[in-house]
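Here are the chains, one letter per residue:
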Amino acid sequence: MKVWAMAIQPNWALLRTKARETACVVQPIRLKTQGPAEQYGLKRFSTAEATVILRENGKMREKTLTMDTLNPQVKAVEYAVRGPIVTKAGDIERGLQQGQKHPFTEVIKANIGDSHAMGQKPITFLRQVVALCSFPELLNSPSFPEDAKQRARRILQGCGGQSLGSYSASQGVDCIRQDVAVYIEQRDKGVPADWDNIYLTTGASDGISILKMLVSGQGRSRSGVMIPIPQYPLYSAAISELEAVQINYYLDEDNCWALDINELHRAYQAAKEHCHPRVICIINPGNPTGQVQSRKCIEEVLHFAYEENLFVMSDEVYQDNVYSPDLQFHSFKKVLYEMGPEYFNTVELASFHSTSKGYSGECGFRGGYMEVLNLDLEVKAQLVKLLSVRLCPPVSGQAAMDVIVNPPLPHEPSYLQFHKEKSAVLGALAEKAQITEQTLNTVPGIKCNPVQGAMYAFPRIFIPPRAVEEATSLGMSPDMVYCLRLLEETGICLVPGSGFGQREGTYHFRMTILPTTEKLKVLLEKLRDFHIKFLKEYASLEEPKR
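Only a predicted model underlies this, so the values are computations on that prediction, with no experimental measurement involved.

**Student:** In this structure, what is going on with the packing of aromatic side chains? I would like to understand it.
**Tutor:** Describing an aromatic ring pair means giving the distance of the ring centres and the angle of the ring planes. Using the criterion set out here, one finds 12 aromatic pairs in the structure. Note on Tyr-306 and Tyr-343: the rings are 4.5 Å apart at their centroids and 45° apart in plane angle, and the pair reads as tilted. Taken together, the residues Tyr-306 in helix H11 (residues 295–308) and Tyr-343 in helix H13 (residues 341–344) connect sequence positions 37 residues apart. For Tyr-306, a relative accessible area of 27% puts it in the partly exposed group. Note on Tyr-343: relative accessible area 14%, which makes it buried. Note on Tyr-482 and Phe-509: the rings are 6.4 Å apart at their centroids and 10° apart in plane angle, and the pair reads as stacked. In this pair, Tyr-482 sits in helix H18 (residues 478–490) while Phe-509 sits in strand S14 (residues 509–512), placing the two residues 27 residues apart along the sequence. Tyr-482 gets classed as buried once you look at its relative accessible area, which sits at 0%. In this structure Phe-509 comes out as buried when scored by relative accessible area, which is 0%.

Written out as C-alpha cells, the structure reads:
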C-alpha cells in the first residue's frame, strides 16, 4: 500500500502526474482548507505529519551529518573547562530558577577564569576608551577625561572610515600594534620590539592557531607538540583537531609544579621513537597549576629548544597575576635576548597575551596579541595569509587590548583612579590565593601547592580505593565522580584534574580564586565539609595521603 503525504505547499504538477499513474490510499484527516489535491482523492498533511508517514514507510531522508560521518578529529577534541560537569551545573541552575529543590540555593561556578561573571568590576578607563570608540559622539561630552578621549581619537583614526565597525587589517589596527611593541619594550627593560612582528588576535586562544603552520608529515615524521601536564585543555584540543602528536612532559608537583629540564629530555627522547617533535608549549604563570617559572628555568627551556630545534610557544596571559612577593614574571623574550644574539636571532618564539586575564578580566571583548620572532620571511607571508581567512579580530577587542598596553601615565588625569582600581583587583586576588591555599591545606586528604600566580588552585585530593573502584565500574575517572558529587550535593562547580592531565594514580581538581572573598570562604567551607563526609563514606584502613 502506497501513501502520499503532502506538505503544506506540495508540487501540484508532480501530484497530478503521480495520481494518474498510481492508486494511492491515504489516512483520512480533517482539512481546514480545500485544494487541488482533493480532486484526486488525496489529503493534505502538515510537514510534521508527512515526516511521520515517510519514516513509517521507509522513505525518510537520511541525515548527511551523523556521528558516523562526523570528522573523527572533532570527536577527539575535549575541553574540560566547559565539559559535562558545567553542562550539569547549567541544568541545576535552570532547575533552581524554576523552583526545583536542592540542598543549596545557588550554583557557585568556580570552573572557569571569567572574572566579571564572578563579580569583578570593570576598569573604568578601559570601558571609557571603548565606549568613546564605539559611540564617537561622546567625545564631546565633559563626562569623559581627556586622556581617554586622546586614545579613542587615535584608535578611530586608525580605523577605516574612523569607525570601530569597519574591518581592520588582518594583523590588526596599525597604531594598536605599535602600542603593543612599545609596551613590550618597556616591560622587558629596553629589549627591542618590532611592531611588524605583532599580530592582534581574538583572545590568546586565536594565536594558538599558529600550530596549524607547524603540523605536517605522516607516521614517524608527524609533528609532535610538547605540552605541560597538567595543561590548559586548549592545547590538547588543538593538537587533536590538527592530528598532531601530543608529547606530555610532567611538571614537578612536589616542587611547586616547577618545570624540570630532565623531564623535558625524557619526554623528547621517548617521543622521537614515534613522531618528530617540533614545538614546545609553556604556560607561565601556570594554568591550572598557578606556578611562576624562575628565570633559570626559562633559560634552560630556551637552551633546550635551541639545541633540539624546537619552535617555542609561550602562553603569558597571566603575566600581571603574580602574588608571591619573592617572585616575578620573566618573559621568554627578555630571557632569550639576555642569552645573547646566537639565541635571540635564531630561536623561533611566539608569545601571547590577552585582555581576558590580568587585572582587567575582559573575557568578552576577545582581545589579544601574539609576538612572533625569527619567522622565515616566506613563512611570515603565509601566516598573514592564514590570518586573512578570518578577516580580522574584533576591533572593539583590539581597542580594549590597546588600553592594557597603553594605560594612563602618572601625569594624566585618569592615572590615580586607574592605579587604585588595578591595585585593588590584584591585591584581592593575592589575598584570595593565600586564603585558598591555607584553607585547603587544613582539610584531611587535600594538599595544595602555593598559588604563586594566575587565577587557579590545583590541589591534590585523596580518593579512597573503594571510591576509585566504584568510579572505574561506572567507566568514569574518580575525580570526575568526586566533582559530580560535589556539584550535586553543594552546588559547587569545579573541573576534575583528569581534564587537564595528571600523573597516573593521582587526583586533583581545578578551582578559580575569582569569587568574592565572602563567597570564596563559603565555597571552601562547603568543600571542606563535603570532602570529610566523602572520606567517611568510603572509609578504609588506609589513611589519607598528605
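Okay, back to it.
**Student:** I would appreciate a short explanation of the packing of H18 against helix H19 (residues 517–537) in the present structure.
**Tutor:** For any two helices packed against each other, the geometry comes down to the angle between their axes and how far apart the axes lie. Relative orientation of the contacting elements H18 and H19 amounts to 120°, with a least axis distance of 11 Å. Classified by the angle between their axes, H18 and H19 sit oblique to one another. Note on packing geometry: the crossing formed by H18 with H19 is right-handed. Residues Tyr-482, Arg-485, Leu-486, Glu-489 and Thr-490 of H18 form the contact with H19, whose own contacting residues are Lys-526, Leu-527, Phe-530, His-531, Lys-533, Phe-534 and Glu-537. Split into classes, the residues belonging to the contact of H18 with H19 amount to 5 nonpolar, 2 polar and 5 charged.

**Student:** Please explain the pattern of salt bridges as it appears in this structure.
**Tutor:** Opposite charge on two side chains allows them to pair when their charged atoms are near. Scanning all chains against the criterion turns up 23 salt bridges. As a salt-bridge pair, Glu-93 and Lys-109 come within 3.0 Å of each other at their nearest N and O atoms. Highlighted residues: Glu-93 in helix H4 (residues 84–97) and Lys-109 in strand S1 (residues 108–109), separated in sequence by 16 residues. On the basis of relative accessible area, Glu-93 is assigned to the partly exposed category, the value being 26%. Overall, the relative accessible area of 29% leaves Lys-109 in the partly exposed class.

**Student:** Help me understand the pairing of strand S7 (residues 349–354) in this model?
**Tutor:** Each regular strand shows side chains that alternate between the opposite faces of the sheet. Of all 6 residues that make up S7, 6 are buried, and the element is covered over most of its length. Side chains Leu-349, Ser-351 and His-353 of S7 all project onto a buried face; the interleaved residues Ala-350, Phe-352 and Ser-354 project onto the opposite face, where all are buried too. Two elements, strand S6 (residues 311–315) and S7, share 4 bridges in a ladder whose sense is parallel. Pairing of Val-312 across the sheet is with Leu-349, part of S7. Pairing geometry for S7 and strand S8 (residues 367–373), over 6 bridges, is antiparallel. When the sheet's bridge partners are listed, His-353 is paired in S8 with Tyr-369.

**Student:** Just checking my understanding: could you explain the environment of Tyr-268 for this structure?
**Tutor:** Examined against the element boundaries, Tyr-268 turns out to sit in helix H10 (residues 261–271). For the pair formed by Tyr-268 and Val-225, sequence separation is 43 residues and the distance between their alpha carbons is 9.7 Å. Beyond its immediate sequence surroundings of up to four residues, Tyr-268 is in contact with Met-226, Pro-277, Phe-304, Glu-308 and Leu-310.

**Student:** What's the story with H4 in this structure? I'm lost.
**Tutor:** Note on helix geometry: an α-helix contains 3.6 residues per turn, so any two residues three or four positions apart are oriented the same way. For H4, which comprises 14 residues, the first-to-last C-alpha distance of 20 Å matches the rise-based estimate of 20 Å (1.5 Å per residue) to within 8%. Here H4 has its buried residues at Ile-85, Val-86, Ala-89, Gly-90, Ile-92, Gly-95 and Leu-96. Its buried side turned inward, H4 meets H18, strand S12 (492–493) and strand S13 (495–496). One or two steps after H4, the chain reaches Gly-99, where phi turns positive at roughly 95°.

**Student:** When you look at the sheet that holds strand S3 (residues 223–229) in this model, what are you seeing that I'm missing?
**Tutor:** Two orientations exist for strands paired in a sheet by backbone hydrogen bonds: parallel and antiparallel. With mixed pairing, the 7 strands of this open sheet are ordered in space as S2-S8-S7-S6-S5-S3-S4. The open sheet is flanked by strand S2 (198–202) and strand S4 (245–250), the only strands paired with a single partner. When the angles between neighbouring strand axes are averaged without regard to direction, this sheet yields 25°. In this sheet, strand S5 (residues 276–283) lies alongside S3 in parallel orientation, the contact comprising 4 bridges. Residue pairing in the sheet places Met-226 in a bridge with Ile-280 of S5. Here helix H14 (residues 377–388) sits on the sheet in contact with S2 and S8, set at roughly 25° to S2. Sitting on the sheet, helix H15 (residues 395–405) is in contact with S2, S7 and S8, with an inclination near 70° to S8.

**Student:** Can you walk me through the environment of Lys-121 in this structure?
**Tutor:** With respect to the helices and strands, Lys-121 occurs in the loop between S1 and helix H5 (124–134). On the basis of relative accessible area, Lys-121 is assigned to the exposed category, the value being 64%. As for Lys-121 and Val-425, which are separated by 304 residues in sequence, their C-alpha atoms are 8.7 Å apart.

**Student:** Would you explain the side chain of Ser-356 in this entry?
**Tutor:** Topologically, Ser-356 is positioned in the loop between S7 and S8. With relative accessibility at 4%, the residue Ser-356 sits in the buried group. In terms of polar contacts, Ser-356 uses its side chain to reach the side chain of Arg-366, at 3.2 Å. Residue contacts for Ser-356: discarding those within four places in its chain leaves Gly-361, Glu-362, Cys-363 and Arg-366.

**Student:** What is the right way to read H14 from this model?
**Tutor:** Here H14 contains 12 residues, and its C-alpha end-to-end distance of 17 Å stays within 8% of the 16 Å for a straight helix at 1.5 Å per residue. Of the positions making up H14, those classed as buried are Lys-380, Leu-383 and Leu-387. Along the long axis of H14, the arc covered by the buried residues comes to 55°, so they all point the same way. Tucked into the core, H14 has its buried residues touching S2 and S8. For H14, the N-terminal cap is Asp-376; the gap from its side-chain oxygen to the backbone nitrogen of Glu-378 is 2.9 Å.

**Student:** Looking at this model, I keep getting lost on the nonpolar core. Mind explaining?
**Tutor:** Note that soluble globular proteins tend to have their nonpolar side chains buried in a common cluster. Ranked by size, the top nonpolar core spans 117 residues in total, and within it Ile-210, Met-313, Tyr-369, Val-372, Tyr-482 and Met-511 carry the most contacts. If you count residues domain by domain, this core takes at least three from each of domain 1 (75–102 + 420–541) and domain 2 (165–176 + 187–400). Among the nonpolar cores identified, the runner-up in size contains 36 residues, and Leu-259, Tyr-268, Ala-271 and Phe-500 belong to it.

**Student:** Would you take a moment to explain the sheet that holds strand S10 (residues 456–457) for this structure?
**Tutor:** Spatially, the 3 strands line up as an open sheet ordered S10-S14-S13, and their pairing is antiparallel. Every other strand in the sheet has two partners, leaving S10 and S13 as the edge strands with one partner each. As paired strands, S13 and S14 are joined by 2 bridges and run antiparallel to one another. Along S14, the bridge assignment pairs Pro-496 with Phe-509.

Rules used in this analysis
Residues numbered from 1 in each chain as written. Predicted model: local features only at pLDDT ≥ 70, side-chain atom pairs only at ≥ 80, totals over all residues. Heavy atoms only, no water. Phe/Tyr/Trp six-rings, centres within 6.5 Å; stacked < 30°, edge-to-face > 60°. Helix = DSSP H or I, 4+ residues; strand = E, 2+ residues; numbered from the N terminus. Buried < 20%, exposed > 50% of the residue type's maximum accessible area, 1.4 Å probe, protein only. Axes fitted to C-alpha atoms, helices over the stretch in contact; angles between N-to-C directions. Parallel < 35°, antiparallel > 145°, perpendicular 65-115°, else oblique. Left-handed = near helix turned anticlockwise from the far one by under 90°. Contact = heavy atoms within 4.5 Å. Nonpolar A, V, L, I, M, F, W, Y, C, P; charged D, E, K, R; others polar. Salt bridge = Lys/Arg side-chain N within 4 Å of Asp/Glu carboxyl O. Pairing = 2+ DSSP bridges. Expected span 1.5 Å × (residues − 1). Polar contact = N/O pair within 3.5 Å; in protein donor to acceptor, adjacent residues only side chain to side chain. Arc of directions from axis to C-beta. Core = buried A, V, L, I, M, F, W, Y, C linked by side-chain atoms within 4.5 Å. Domains from an automatic or database assignment.

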